[in-house]
Amino acid sequence: MNYKRIVLLLLISPSLLLAEEGYDKAVSRYKAGDYKAVIEEVRILHDAGGNSYETHAICGFAYAKLDNFESASAHFFQAIKLKPEYVRIRADLIRLYINHNRTKGALELATTTLEKFPEDTEVQFLYANVLFLRGKPKTALSRVERLKSVIQDDPEIMNLEGKIYYSLGNYDKADVSLKWASALDKNSASIWNNLALVQEKLYLTHLSSGKKSMANDYLKEAKDSIQKAISLDAKENSISTNAERILSYSNS
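Cut-offs applied
- Residues numbered from 1 in each chain as written.
- Predicted model: local features only at pLDDT ≥ 70, side-chain atom pairs only at ≥ 80, totals over all residues.
- Heavy atoms only, no water.
- Buried < 20%, exposed > 50% of the residue type's maximum accessible area, 1.4 Å probe, protein only.
- Helix = DSSP H or I, 4+ residues; strand = E, 2+ residues; numbered from the N terminus.
- Arc of directions from axis to C-beta.
- Contact = heavy atoms within 4.5 Å.
- Axes fitted to C-alpha atoms, helices over the stretch in contact; angles between N-to-C directions.
- Left-handed = near helix turned anticlockwise from the far one by under 90°.
- Nonpolar A, V, L, I, M, F, W, Y, C, P; charged D, E, K, R; others polar.
- Parallel < 35°, antiparallel > 145°, perpendicular 65-115°, else oblique.
- pLDDT = per-residue confidence, 0-100.

Colleague: Which residues make up helix H14 (residues 237-246), and what values do they have?
Modeller: All of the buried residues along H14 are Ile 239, Asn 242, Ala 243 and Ile 246. Down the axis of H14, the buried side of the element spans an arc of 105°, and every buried residue falls inside it. For H14, exposure combined with an orientation more than 90 degrees from the buried face picks out Asn 237 and Glu 244. Buried residues along H14 sit against helix H12 (189-208) and helix H13 (212-232).

Colleague: How would you explain the packing of H12 against H14 if you had to name every residue and give the values?
Modeller: Contact geometry of H12 with H14 gives a least axis separation of 11 Å together with a crossing angle of 35°. Judged by the twist between their axes, the crossing of H12 over H14 is left-handed. Judged by residue contacts, Ala 189, Asn 193, Ala 196, Leu 197 and Glu 200 of H12 engage Ser 238, Ile 239, Asn 242, Arg 245 and Ile 246 from H14. A class-by-class count of the residues in the contact of H12 with H14 yields five nonpolar, three polar and two charged.

Colleague: I'd like a description of the packing of helix H3 (residues 35-47) against helix H4 (residues 53-65), backed by residues and values.
Modeller: Packing of H3 against H4 brings their axes to within 9 Å, and their N-to-C directions diverge by 150°. By the angle class used here, H3 and H4 are roughly antiparallel. The hand of the H3/H4 crossing is left-handed. Within the contact between the two elements, H3 uses Tyr 35, Val 38, Ile 39, Val 42, Arg 43, Leu 45 and His 46 and H4 uses Thr 55, His 56, Ile 58, Cys 59, Ala 62, Tyr 63 and Lys 65.

Colleague: Residues and numbers for unusual backbone geometry, please.
Modeller: The backbone phi angle of Asn 101 is positive, close to 60°, even though this residue is not glycine. Looking at the secondary structure, you find Asn 101 in the loop between helix H6 (87-99) and helix H7 (103-116). We note that Asp 153 has phi near 60°; this positive angle belongs to a residue other than glycine. With respect to the element layout, Asp 153 can be found in the loop between helix H9 (137-148) and helix H10 (155-167). A residue is classified by how much of its surface remains accessible, and Asp 153, at 45% relative accessible area, is partly exposed.

Colleague: If you had to explain the environment of Ser 248 to someone new, which residues and values would you point to?
Modeller: Relative to the assigned elements, Ser 248 resides in the segment after H14. The exposed category is assigned to Ser 248, whose relative accessible area is 54%. For the pair Ser 248 and Lys 223, spaced 25 residues apart in sequence, the C-alpha separation works out to 9.4 Å.

Colleague: Please give an account of the environment of Tyr 218 that cites residues and values.
Modeller: Inspection of the secondary structure assignment puts Tyr 218 in helix H13. When the C-alpha positions of Tyr 218 and Trp 192 are compared, they lie 14 Å apart, and in sequence the two are 26 residues distant. Excluding anything up to four places from it in sequence, Tyr 218 contacts Asp 172, Asp 175, Gln 199, Leu 202, Tyr 203 and His 206.

Colleague: Please provide a residue-by-residue account of the confidence of the model for the protein chain, values included.
Modeller: In the predicted model, the protein chain carries a mean pLDDT of 92, and 92% of its residues have values of at least 70. Segment residues 1-18 is flagged for pLDDT under 50; beyond a separation of four residues in sequence, or across chains, it makes three contacts in the model.

Colleague: Mind laying out the side chain of Asn 193, listing which residues take part and the relevant values?
Modeller: Assignment of secondary structure puts Asn 193 in helix H12. Discounting residues that sit within four places of it in the chain, Asn 193 has contacts with Ile 226, Ala 229, Ser 238, Ile 239 and Asn 242.

Written out as structure tokens, the structure is:
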């Protein structure tokens, strides 16, 4: 018999054991994709006084999966209050704001988080992303370039760089960035879609300049890229719309 374990169990309060059991149930429900059940498990824990960083965090993620911004953000903010030194939950909150197109709030959160955690590369990336979304592509690009000196071969960073170059009309550089991103992450529908858009622009640009052979090369690449995007995520509306347009082009 393990007497040390018995003593340890006696020292742990029943309420703590129940809280751990309830949280484990919530984690299992989350892994199973039953997000409403996660919320119910956490509600039971909170009603019993089991209020913790972990319960608020998982509940925030569950609400985010259910596309409930208000409840998700409320739980993330509570988690931050309980463990203000944890930067990851702050990054998750910024991403939540970005995903719901609340870029003003995202910029405010990214700025204050970066002041508290200036060396955190994920927050630096999110800050650059928000700057881009807020219509400051050149400032965002300078941030990305600095970030690339710290982190090499990150598909998310290269994808952002490609989108920024695209917005600036520098399609050749966008093509290089997004080809790099697609080589690093071959299973990202978003990257392949973005690459297809760049190659479409290069096709149209060269076609209007009378460079038909080069235009046709880019058209082939654009069709290949958008077909890869479709194969990865055919349900995304923007991808299917882009595919319909790009695949309708014929060689000149």
